[in-house]
Amino acid sequence: AQNVTVDEIMTAYKQACQKLNCKQIPKLLKQIQEFKDLAPRIDCLDLKGEKLDYKACEALEEIFKRVQFKIVDLEQTSLDEDGASALFDMIEYYESATHLNISFNKHIGTRGWQAAAHMMRKTNCLQYLDARNTPLLDHSAPFVARALRISSSLVVLHLENASLSGRPLMLLATALKMNMNLRELYLADNKLNGLQDSAQLGNLLKFNCYIQILDLRNNHILDSGLAYICEGLKEQRKGLVTLVLWNNQLTHTGMAYLGMTLPHAQSLETLNLGHNPIGNEGVRNLKNGLIGNRSVLRLGLASTKLTCEGAVAVAEFIAESPRLLRLDLRENEIKTGGLMALSLALKVNHSLLRLDLDREPKKESVKSFIETQKALLAEIQNGCKRNFILAKEKEEKEQKLQQSASMPEITVTEPLEESPAEDGRDGSAASPPEEGEEARETPTTSENGDAEPVEDDDGDVTDSDSDTDEEADAGPAASPASVPSQGNERRISVSSPGRGHKIFVVTRVESLPERAAEAAAKPAEPQSPAPATNPELPASRANGAVPKSSAGSAATTTSAGSNPERGDAATCENAAHDTPLPNGLKTDFARALPEASSDGDGKTGTCAAEHELSCSKNEQELEELLLEASQDAG
């Protein structure tokens, strides 16, 4: 209604109660008095725990007629079929709520659910429906299924403990295959079994790539059911971000399936396996899958019957992981040996921001080990703190770089004394790749509702600036961090994803035949400095496709108007043109390699070597490489 006042609402509600001969609800009167701004949606209408019979529901129409709400809370209001269907009709007609809670109402019956389904289908504003502990039985499920199939506006659906096992779940899962709006589906405590029910869920995951959170805690999925779910998980390219399998009687057998599936799951960030008797063998089965996976940021292994042996397997994964942010190992029998392994792993891991362990040390036969455990627990905590500070600093640094990388002037740098080939490398070559990386990290906010500080999610950067999360197939990524060179070898620091840092000595550079020919045809084509790379395309350092701006052309300085044949081109002139060099390089390629600096100041070999090589390809080729990299990311 237009220009309505609090007094009008009060009067209308009181009159309706008299007319219908029902009691006024004191809790409601108090709330009406406190309504402030009536024009937009009011935050909440809270009727939780009030007994609402049909008449009380009818009286509420006087309120819904006049004002709209964000949340309407009808939890545990003893709704019957008549009251429920009347209320849902009103909420649909007046678009009264964006969030509706109808949980703990055991008796809304078929007509109640029918009205609820009609409401889901017809309102465009209802985004969140909580129907926990409100049974959705065989005869009511078809209405709800139909509503969900005709893509309703619902984003979040809670159906915990709603007696879904069997036909209701089959109908819902089949309908949700078509739904493109639902993002969160909560199906805990439904006694879902490891056969039909799990097969339906696996099937749902094969076809629906929009659901981001699937919560299946406290069911009977078993290893057999996990096999079905894994079949669906393999198909999830984008989509499922959080999977909760807490307390589903999973064992080491199920972990073998999961271990084989994880390298294929590209979107999964949170995996909670707590309260399953996985055991040490289960974690061993999971380890290689976790190392091969490139998306998991949070892993829950609380109360999974682990001992020191299992902790060692987990530590091996931590040591390899460039992106894990959080790990829960509480309620396990992890003693001195396991803690030692975890502590060592944290010395090489630079992403983990939170590792949950039991506060109290475990009983040991050797008394002094209790003190050792306390010391190790403190060390582990310090490791996480250090990573947290690093992540924060990195975030700040990248924000600055992002600002500076957006300025076109950054491409023109002062030429170095030794050789023109080194030009445009020190500052500019390193910054745009980081900008691409920054752009990629921002979206990974914590999706599973964990109240974690935002910085957590910047933990998925490694210390070597080269967290190649997305470029799954792009090969090892050259890191901008330069490594001091010895003699005349080019040393390029390379972090191969999930395998710790290795240093590769580049002694021979091969190129695809047609690329080599093209590059040889125009070795020293000057390139116009272009604005910094588009942040949407992660600069794939792996392919050597460096933003055009940073890679000043190999044989030319970036300063304007330079002559491509000047500089060290003269020295190459004397070399016989087509005789290949001893290591199989064409002479033209030799021209593209940066000179070794005479004073050995430790700045010789950075990834600039790779950058310079890629420069002589024409711009279109660079565009294609960038495009390829962005598709890899997808």
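Residues numbered from 1 in each chain as written. Predicted model: local features only at pLDDT ≥ 70, side-chain atom pairs only at ≥ 80, totals over all residues. Heavy atoms only, no water.

By the naming in an unreviewed UniProt entry, the protein chain goes by Protein phosphatase 1 regulatory subunit 37 and is assigned to Aramus guarauna. Per UniProt, the comment on the protein chain under Sequence similarities (unreviewed entry) is "Belongs to the PPP1R37 family." (UniProt positions renumbered as here; feature names shortened; annotations may be inferred.)

Here we come to the overall build of the protein chain. On a plain count of helices and strands, the protein chain comes out with 20 helices and 15 strands. Counting every position in the protein chain, which comprises 634 residues, the buried fraction comes to 51%. Considering only residue pairs separated by 6 or more positions, the protein chain has 82% of its internal contacts joining residues 24 or more positions apart. Looking at the protein chain as shown, the accessible area adds up to about 28,100 Å², and 52% of this sits on carbon and sulfur atoms. (Helix = DSSP H or I, 4+ residues; strand = E, 2+ residues; numbered from the N terminus. Buried < 20%, exposed > 50% of the residue type's maximum accessible area, 1.4 Å probe, protein only. Contact = heavy atoms within 4.5 Å. Areas by Shrake-Rupley, 256 points an atom, 1.4 Å probe, with all protein chains shown as cover.)

Here we come to the sheet that holds strand S7 (residues 213-215). Taken in spatial order, the twelve strands make up an open sheet running S1-S2-S3-S4-S5-S6-S7-S8-S9-S10-S11-S12, and their pairing is parallel. What marks the edges here is a single partner per strand, and that holds for strand S1 (42-46) and strand S12 (354-356). On average, each strand axis in the sheet is inclined to that of its neighbour by 5°, with strand direction left out of account. Here strand S2 (residues 69-73) runs beside strand S3 (residues 99-101); their pairing, made up of three bridges, is parallel. The residue bridging Ile 71 from the neighbouring strand is His 99, located in S3. (Pairing = 2+ DSSP bridges. Axes fitted to C-alpha atoms, helices over the stretch in contact; angles between N-to-C directions.)

Taken together, the four bridges between S1 and S2 define a ladder with parallel strand orientation. Bridging from a neighbouring strand, Cys 44 pairs with Ile 71 of S2. Assessed by its sense of winding, the connection that carries the chain from S2 through helix H4 (residues 81-94) to S3 is right-handed. (Right-handed = clockwise from strand over helix to strand, strands pointing away.)

With that settled, consider helix H1 (residues 6-20). In this model, H1 (15 residues) spans 21 Å end to end at C-alpha, consistent with the 21 Å of a helix rising 1.5 Å per residue. Looking only at H1, the buried set comprises Ile 9, Met 10, Ala 12, Tyr 13, Ala 16 and Cys 17. Buried residues belonging to H1 abut helix H2 (26-34) and helix H3 (54-64). Just beyond H1, the residue with positive phi is Asn 21, at close to 60°. (Expected span 1.5 Å × (residues − 1).)

Under the criterion given, the structure shown has 21 salt bridges. Linking Glu 62 and Arg 66 is a salt bridge whose minimum nitrogen-to-oxygen distance equals 2.9 Å. Close ionic contact of Lys 394 with Glu 398 constitutes a salt bridge, the shortest N to O distance being 3.7 Å. Here Lys 394 pairs with Glu 398, and both are found in helix H14 (residues 368-405), just four residues apart, close to one helical turn. Residue classification places Glu 398 among the buried residues on the basis of a relative accessible area of 2%. By sharing partners, the salt bridges in this structure join Lys 48, Glu 75, Asp 130 and Arg 132 into a single network. (Salt bridge = Lys/Arg side-chain N within 4 Å of Asp/Glu carboxyl O.)

A few words now on the packing of helix H12 (residues 308-320) against helix H13 (residues 336-348). Taken N-terminus to C-terminus, the directions of H12 and H13 make an angle of 5°; their axes are 8 Å apart at the nearest point. Compared by their axis directions, H12 and H13 come out roughly parallel. Contacts between H12 and H13 involve Cys 308, Ala 311, Val 312, Val 314, Ala 315, Ile 318 and Ala 319 from the first element and Thr 336, Gly 337, Gly 338, Ala 341, Leu 342, Ala 345 and Val 348 from the second. For the contact of H12 with H13, the per-class residue count stands at eleven nonpolar, three polar and no charged. (Parallel < 35°, antiparallel > 145°, perpendicular 65-115°, else oblique. Nonpolar A, V, L, I, M, F, W, Y, C, P; charged D, E, K, R; others polar.)

Looking only at helix H6 (residues 141-149), the buried set comprises Ala 141, Val 144, Ala 145, Ala 147 and Leu 148. One side of H6 carries all its buried residues, which in axial view fall inside an arc of 160°. Lining the buried residues of H6 we find helix H5 (109-122), strand S5 (156-158) and helix H7 (167-176). (Arc of directions from axis to C-beta.)

Turning to the packing of aromatic side chains, a few remarks are in order. In total, this model carries three aromatic pairs according to the counting rule given. For the cation-ring pair, Lys 238 lies above Tyr 210, with the distance from its terminal atom to the ring centre recorded as 5.6 Å. (Phe/Tyr/Trp six-rings, centres within 6.5 Å; stacked < 30°, edge-to-face > 60°. Lys NZ or Arg CZ within 6 Å of the ring centre and 35° of its normal.)

It is worth spelling out the side chain of Asn 387 at this point. Tracing the chain through its elements places Asn 387 in helix H14. Among the polar contacts listed, one links the side chain of Asn 387 to the backbone oxygen of Asn 349, at a separation of 3.3 Å. Of the polar contacts made by the side chain of Asn 387, one reaches the side chain of Arg 386; its length is 3.0 Å. (Polar contact = N/O pair within 3.5 Å; in protein donor to acceptor, adjacent residues only side chain to side chain.)

In the Ramachandran plot, Asn 218 falls in the positive-phi region, its phi being about 55° despite a non-glycine side chain. Residue placement: Asn 218 occurs in the loop between S7 and helix H9 (222-233). You can call Asn 218 partly exposed: its relative accessible area is 26%. Although it is not a glycine, Lys 305 adopts a positive phi angle of roughly 60°. Summarising the element assignment, Lys 305 is placed in the loop between strand S10 (298-300) and H12.

What follows concerns the confidence of the model for the protein chain. Looking at the protein chain as a whole, the pLDDT averages 76, with 65% of positions reaching at least 70. In this model residues 410-511 is a low-confidence stretch, pLDDT under 50, and it forms 256 contacts with partners more than four residues away in sequence or in other chains. Below a pLDDT of 50 lies the segment residues 515-578, which in the model reaches 124 contacts outside its immediate sequence neighbourhood of four places, other chains included. (pLDDT = per-residue confidence, 0-100.)

Let us look at the environment of Tyr 228. Relative to the helices and strands, Tyr 228 is located in helix H9. Of the residues examined, Tyr 228 reaches a relative accessible area of 37% and is grouped as partly exposed. Distance from Tyr 228 to Gln 200, taken between C-alpha atoms, is 8.4 Å for residues 28 residues apart in sequence. Every residue in contact with Tyr 228, bar those within four places of it in the chain, is listed here: Gly 194, Leu 195, Ser 198, Ala 199 and Gly 202.

In the contact formed by H6 and H7, the axes pass within 8 Å of each other and the chain directions differ by 10°. Relative to H7, the element H6 lies roughly parallel. Regarding H6 and H7, the two cross each other, and that crossing is right-handed. Residue-level inspection shows Ala 141, Pro 142, Val 144, Ala 145, Leu 148 and Arg 149 of H6 in contact with H7, the latter providing Arg 167, Pro 168, Leu 171, Leu 172, Ala 175 and Leu 176. Broken down by class, the residue content of the contact of H6 with H7 amounts to ten nonpolar, no polar and two charged. (Left-handed = near helix turned anticlockwise from the far one by under 90°.)

With respect to the secondary-structure elements, Leu 346 resides in helix H13. For Leu 346, the residues in contact, after removing those within four places along its chain, are Leu 352, Leu 355, Ile 380, Gly 383, Cys 384, Arg 386 and Asn 387.

Turning to the side chain of Asp 356, a few remarks are in order. Of note, Asp 356 is situated in strand S12. For Asp 356, a relative accessible area of 11% corresponds to the buried category. Reaching out from Asp 356, the side chain makes a polar contact with the side chain of Arg 326 at a distance of 3.0 Å. Setting aside residues up to four positions removed in sequence, Asp 356 forms contacts with Arg 326, Leu 327, Asp 328, Leu 329 and Arg 330.

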